[in-house]
Amino acid sequence: MRWGWTDNFGIARPPAAGPGGRLFCILLALSATAPAADDGPWNIKLGAAAALSPEFPGASGVQVNLLPLIDITYRKRFFLNSQRGLGMMLIGRKFGELRYLAGIALDASRETRNQKEGRGLQEVDRTIEASIFGEVFFSSFSLQTELSQDLIGEGHDGLIFDLHFNYTDRVADVVRLRAGPYLRFVNGDYMNAFYSVTPEFAASSGRPVFDADGGLERYGIKISASYPLNPEWEAVGSIDYARLVDDARKSPVSNTRHQASVLVGFTYQF
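Model, not experiment: these values are computed from the prediction. (Residues numbered from 1 in each chain as written. Predicted model: local features only at pLDDT ≥ 70, side-chain atom pairs only at ≥ 80, totals over all residues. Heavy atoms only, no water.)

What to know about the overall build of the protein chain
Point 1. When helices and strands are tallied, the protein chain shows four helices and twelve strands.
Point 2. Each of the 270 residues in the protein chain was classed as buried or not, and the buried ones make up 48%.
Point 3. Within the structure as shown, the protein chain displays about 11800 Å² of accessible surface, and the carbon and sulfur contribution to it stands at 62%. (Helix = DSSP H or I, 4+ residues; strand = E, 2+ residues; numbered from the N terminus. Buried < 20%, exposed > 50% of the residue type's maximum accessible area, 1.4 Å probe, protein only. Areas by Shrake-Rupley, 256 points an atom, 1.4 Å probe, with all protein chains shown as cover.)

Right, dumping it as structure tokens:
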């Protein structure tokens, strides 16, 4: 997915949208209200998490992964992190309670499907995605967008647009909370990769032929929280629940319309 630490811009980063594979990105939203470090050009936060998520979009089976949590920024502009990969901030401004940011990044896709998970269905391999993202904040509320495209055609080949409405605040002046609903829209290439069944794969999978169209793929809600254990260590966690809609729900590949992911981890601030 795919959290929202402050990016060292003093402006909270948005959480990654989408299903469980991107959930390890949640650290970024977890620390969304934390003050940005200003001790030098580098800011480094590392950790690890356990994530429970669907095997692939539409799957009823779940998988457990141990995931690295990485957040490295340089001069409040360039970053390498678990959410967005490698990129740079283009804009970061604040006018009283109104704040906004935008950036670009390259990252490896995390939504895949192998023959063991989707027996008889086409495989969806890892690939490289390019994304442009932005978020506008007013007081504790924000509207976040992200547009991602498969660059090299080794995975889902598709275009993904995520839209989040977030509320960010502190609970009891200690726990940092970020929560809100989201929508995910995808194009036909993405839908074909995960939800269509061609005549070729219908024979091998035992599923009927199905041609999935692009559009709204899911809607859901994501809740993230973090708790500082001491000045360096922090416990983080999240819950992401979504429901597939339209052709994603109707597809014979989808064993359930309910998609839930959970993540728990720890980070260390250097």
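Next comes the rest of the write-up.
Brief notes about the packing of aromatic side chains
Point 1. Tallied over the full model, the rule gives nine aromatic pairs.
Point 2. With a centroid separation of 5.1 Å and 55° between ring planes, the pair formed by F141 and Y167 is classed as tilted. Taken together, the residues span a long stretch of sequence, with F141 in strand β7 (residues 141-150) and Y167 in strand β8 (residues 159-171) at a distance of 26 residues.
Point 3. According to the relative accessible area criterion, Y167 is partly exposed, its value standing at 31%.
Point 4. If you follow R84 out to its NZ or CZ, it ends over the ring of F133, 3.8 Å from the centre.
Point 5. In this arrangement the basic side chain of R113 is found over the ring face of F56, its NZ or CZ atom lying 5.3 Å from the centre. (Phe/Tyr/Trp six-rings, centres within 6.5 Å; stacked < 30°, edge-to-face > 60°. Lys NZ or Arg CZ within 6 Å of the ring centre and 35° of its normal.)

Focus on unusual backbone geometry
Point 1. Although it is not a glycine, K76 sits at a positive phi angle of roughly 60°.
Point 2. Tracing the sequence through the fold places K76 in the loop between β2 (62-74) and β3 (78-81).
Point 3. Although it is not a glycine, D246 adopts a positive phi angle of roughly 50°.
Point 4. You can see D246 is positioned in helix α4 (residues 246-250).

Overview of the pairing of strand β4 (residues 85-95)
Point 1. Relative to β4, β3 runs antiparallel, the two sharing four bridges. Looking at the pairing, L80 lines up with L86 of β4.
Point 2. The loop that links β3 with its antiparallel partner β4 comprises three residues.
Point 3. When β4 meets strand β5 (residues 98-108), the two strands line up antiparallel, connected through nine bridges. Residue G92 lies in a different strand from β5, and its bridge partner there is L101.
Point 4. Taking the residues that link successive antiparallel strands as the turn, the β4-β5 hairpin has two residues, and the phi of G96 there is positive, at about 65°. (Pairing = 2+ DSSP bridges.)

Considerations on the environment of E123
Point 1. Looking at the secondary structure, you find E123 in the loop between β5 and β6 (128-138).
Point 2. Classification of E123 by relative accessible area gives partly exposed; the value is 41%.
Point 3. Every residue in contact with E123, bar those within four places of it in the chain, is listed here: R113, N114 and Q115. (Contact = heavy atoms within 4.5 Å.)

Let's talk about the sheet that holds β7
Point 1. Strand order in the closed barrel made by the twelve strands is β1-β2-β3-β4-β5-β6-β7-β8-β9-β10-β11-β12, with antiparallel pairing throughout. When the angles between neighbouring strand axes are averaged without regard to direction, this sheet yields 20°.
Point 2. Judged from the nine bridges that link them, β7 and β8 form a sheet pairing that is antiparallel. The residue bridging E146 from the neighbouring strand is D162, located in β8. (Axes fitted to C-alpha atoms, helices over the stretch in contact; angles between N-to-C directions.)

Examining the environment of A102
Point 1. Mapped onto the elements of the fold, A102 is located in strand β5.
Point 2. With 33 residues separating them along the chain, A102 and E135 place their C-alpha atoms 6.6 Å apart.

Regarding the pattern of salt bridges
Point 1. A complete count under the given rule lists nine salt bridges for this structure.
Point 2. Residue R176 is joined to E234 by a salt bridge in which the shortest nitrogen-to-oxygen separation is 1.7 Å. On the criterion of sequence distance, the pair formed by R176 in strand β9 (residues 175-186) and E234 in strand β11 (residues 233-244) is long-range, its members being 58 residues apart.
Point 3. Since its relative accessible area comes to 5%, E234 is described here as buried.
Point 4. Between E217 and R218 there is a salt bridge whose closest N-O contact spans 2.8 Å. (Salt bridge = Lys/Arg side-chain N within 4 Å of Asp/Glu carboxyl O.)

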